[in-house]
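Residue-level listing of the chains:
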Amino acid sequence: MADIERKPCLLFAGFLPRIFLVCFIFKSTASFAFQPAVETDSVSTDSVSRIKPDYKMLRGIFAVQSALYLGTIYGLSKSWYKNPLTKFSIKDDTHEWLQMDKLGHVYTSYQIARHTAAIYRKTGISKKQMLIYGAISGVIFQTPIEILDGFSPDYGFSPGDMVANVTGSAIYLGQIALWDEVRIQPKFSFHYTSLSRVRPELLGSSRTESWLKDYNGQTYWLSFSPGSFFKGSGWPLWLCFSAGYGMHNMVSAEKSRSIEMGYIPYRQYYLSLDIDMTKIKSRKKFVRTIGFLVNSIKIPAPSLQFSKKGVSFKPFYF
C-alpha cells in the first residue's frame, strides 16, 4: 500500500493550542500576584486553596479554548482531508513508524495538559478541578482529529493514537496527584536528516516541514533528577538524567516497505544529561516563566547512543 501524507500531531493538536497557552500565560503573569502558577511544575494543595476562584477568568479560558477547539476542527476538515469524509472505519496503525508517532501523541497530550493546568491554576480553582481540566484538555484537543480520521477514507480511527493521547494526560495527572509535582518530564528534540530528501512528500520538502514530519530526526525523552526522588541526597534538582528514544532509516510508515527501498530501519536509545529549567532559581518572574515554557525541550548535551550498530558517543546531540 502506498504511503499517504500523515498529519504531524505536533502541528494541529499541539502547536496551535500552545500558541494560545503561551500568550495567555504571559498576559496573566503580568497581571496576577500568584506568581508560582507557571513558574514551576509543583502544585501545593494549600497554595491553590488560598486563592479565591476567579470565575470570570475561568469562563474566559473556556470561551477561548472552545473557539480554538472549533476552529481547529473546521480548519482540519477543510484543508487536510482532501477526499470527502465517508463511513467511519478503524485502522490499527500501532506497527507504523516504529511507534514514534505514538510517542508524539503522548508528548503532545502531556504538554497540553501541563500548560493548560498552569493556566487554570491561576483562576484559583481547587487542585482537583485544575488537574481534571488540564488532563481533559490534553485529550479533548486531539480527540476530534482522531474522529475525523475515522471518517476519512485515507486514514481511519486509530485506537493506538487515542491510547497515546490518554497516556500523555495521565502522565501529568498521575505525577501531580501522587507527588504534588512533576518529577519525570517528557521532552522533545530534533535534528535534520538527509532522509527527508529521499521522500520529501512524506518526510518534508523544507526544513520547517521536516521537523514536523521526519520522525528520523525526532527524539522523545524522559528527564528526571535523582534529587526529586531522594530529597536528602544533595543532588541538584535542576540537573537531570534523560533517557531518549528515536529511530533511523524509516522512509515509509511500514518497516517492510523501507527495506524494499534499500533502507534498514532500526531503533535508537539514548542516555544523556538535561536541565530542569523550572528548578533554576531566579527573582525575575519573566525568567521563571520562560523556564516553564521551554522546559518541554531537551537541551543539547553529550549523549550515549545505543542501537543494533553498537554504542556510540555523541558530544553534542539534539
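Residues numbered from 1 in each chain as written. Predicted model: local features only at pLDDT ≥ 70, side-chain atom pairs only at ≥ 80, totals over all residues. Heavy atoms only, no water.

Not every positive phi belongs to a glycine, and W97 is a case in point at roughly 55°. Within the secondary structure, W97 sits in the loop between α3 (55-79) and α4 (100-121). You can call W97 buried: its relative accessible area is 3%. Positive phi outside glycine occurs at N249, with the angle close to 70°. In this structure, N249 sits in the loop between β3 (239-248) and α11 (255-260). (Helix = DSSP H or I, 4+ residues; strand = E, 2+ residues; numbered from the N terminus. Buried < 20%, exposed > 50% of the residue type's maximum accessible area, 1.4 Å probe, protein only.)

The strand order across the open sheet formed by six strands is β1-β2-β3-β4-β5-β6, and the pairing between neighbours is antiparallel. Across the chains shown, the open sheet's two edge strands, defined by having one partner strand only, are β1 (184-190) and β6 (310-317). Along the sheet, successive strands turn relative to each other by an average axial angle of 25°, direction set aside. With seven bridges connecting them, β1 and strand β2 (residues 218-224) associate as antiparallel partners. Directly across from S189, in β2, lies its bridge partner T219. The sheet contacts of α4 involve β1, β2 and β3, and relative to β1 the element is tilted by about 120°. (Pairing = 2+ DSSP bridges. Axes fitted to C-alpha atoms, helices over the stretch in contact; angles between N-to-C directions. Contact = heavy atoms within 4.5 Å.)

Averaged over every residue, the pLDDT of the protein chain is 82; residues scoring 70 or more account for 83%. Note that residues 10-38 has pLDDT below 50 and, in this model, 77 contacts with residues that lie over four places away or in other chains. Across residues 45-49 the pLDDT falls below 50, and counting only partners more than four positions away or on other chains, this stretch makes ten contacts in the model. (pLDDT = per-residue confidence, 0-100.)

A few words on the packing of aromatic side chains. Taken as a whole, this structure holds 16 aromatic pairs when the rule is applied. Both rings, one in F224 and one in F241, keep their centres 6.3 Å apart while their planes meet at 45°; by these two values the pair is tilted. Note that F224 is positioned in strand β2 and F241 in strand β3, a separation of 17 residues in sequence. Taking the relative accessible area as the measure of exposure, F224 reaches 31% and is therefore partly exposed. Every member of this aromatic cluster is reached through a ring pair, and the members are W179, F224, F229, W235 and F241. The cationic tip of K298 hangs over the ring face of W221; the distance from NZ or CZ to the ring centre is 4.7 Å. (Phe/Tyr/Trp six-rings, centres within 6.5 Å; stacked < 30°, edge-to-face > 60°. Lys NZ or Arg CZ within 6 Å of the ring centre and 35° of its normal.)

Turning to helix α7 (residues 159-179), a few remarks are in order. The end-to-end C-alpha separation of α7 is 30 Å, in line with the 30 Å expected for 21 residues at 1.5 Å each. Taken together, the buried positions of α7 are G160, D161, M162, A164, N165, G168, S169, Y172, Q175 and I176. (Expected span 1.5 Å × (residues − 1).)

With 16 residues, the main nonpolar core has W97, M100, L203 and M247 as its most contacted residues. Looking at this core, the elements that each hand over two or more residues are α4, β1, α8 (200-203) and β3. Mapping this core onto the domain boundaries places at least three of its residues in each of domain 1 (52-182) and domain 2 (185-317). Discounting residues that sit within four places of it in the chain, M247 has contacts with W97, L98, M100, Y215, N216, Y266, R267 and Q268. The next biggest cluster of nonpolar side chains, apart from the first, holds 14 residues, and it includes M57, I119, Y120 and L131. (Core = buried A, V, L, I, M, F, W, Y, C linked by side-chain atoms within 4.5 Å. Domains from an automatic or database assignment.)

Glancing now at the packing of helix α5 (residues 127-140) against α7. Direction vectors running N to C along α5 and α7 enclose 160°, while the axes themselves pass 8 Å from each other. When the axis of α5 is compared with that of α7, the two are roughly antiparallel. Between α5 and α7 lies a crossing whose hand is right-handed. Across the interface between the two elements, K127, L131, A135, G138 and V139 from α5 touch M162, N165, V166, S169, Y172, L173, I176 and A177 from α7. Each residue belonging to the contact of α5 with α7 can be placed in one class, and the counts come to nine nonpolar, three polar and one charged. (Parallel < 35°, antiparallel > 145°, perpendicular 65-115°, else oblique. Left-handed = near helix turned anticlockwise from the far one by under 90°. Nonpolar A, V, L, I, M, F, W, Y, C, P; charged D, E, K, R; others polar.)

Our next topic: the side chain of R183. The residue R183 is located in the loop between α7 and β1 in this model. Polar side-chain contacts of R183 include one of 2.9 Å to the side chain of E181. Of the polar contacts made by the side chain of R183, one reaches the backbone oxygen of S228; its length is 3.4 Å. Contacts of R183, omitting those with residues within four sequence positions, involve Q175, S223, F224, S225, S228, F229 and K231. (Polar contact = N/O pair within 3.5 Å; in protein donor to acceptor, adjacent residues only side chain to side chain.)

Attention now goes to the packing of α4 against α7. Look at α4 against α7: their axes get within 7 Å of each other, and the N-to-C directions meet at 40°. The angle between α4 and α7 falls in the class oblique. For the pair α4 and α7, the sense of crossing is right-handed. Within the contact between the two elements, α4 uses D101, K102, H105, V106, S109, Y110, A113, R114 and A117 and α7 uses G160, D161, A164, N165, T167, G168, S169, I171, Y172 and Q175. Its residues placed into classes, the contact of α4 with α7 shows seven nonpolar, eight polar and four charged.

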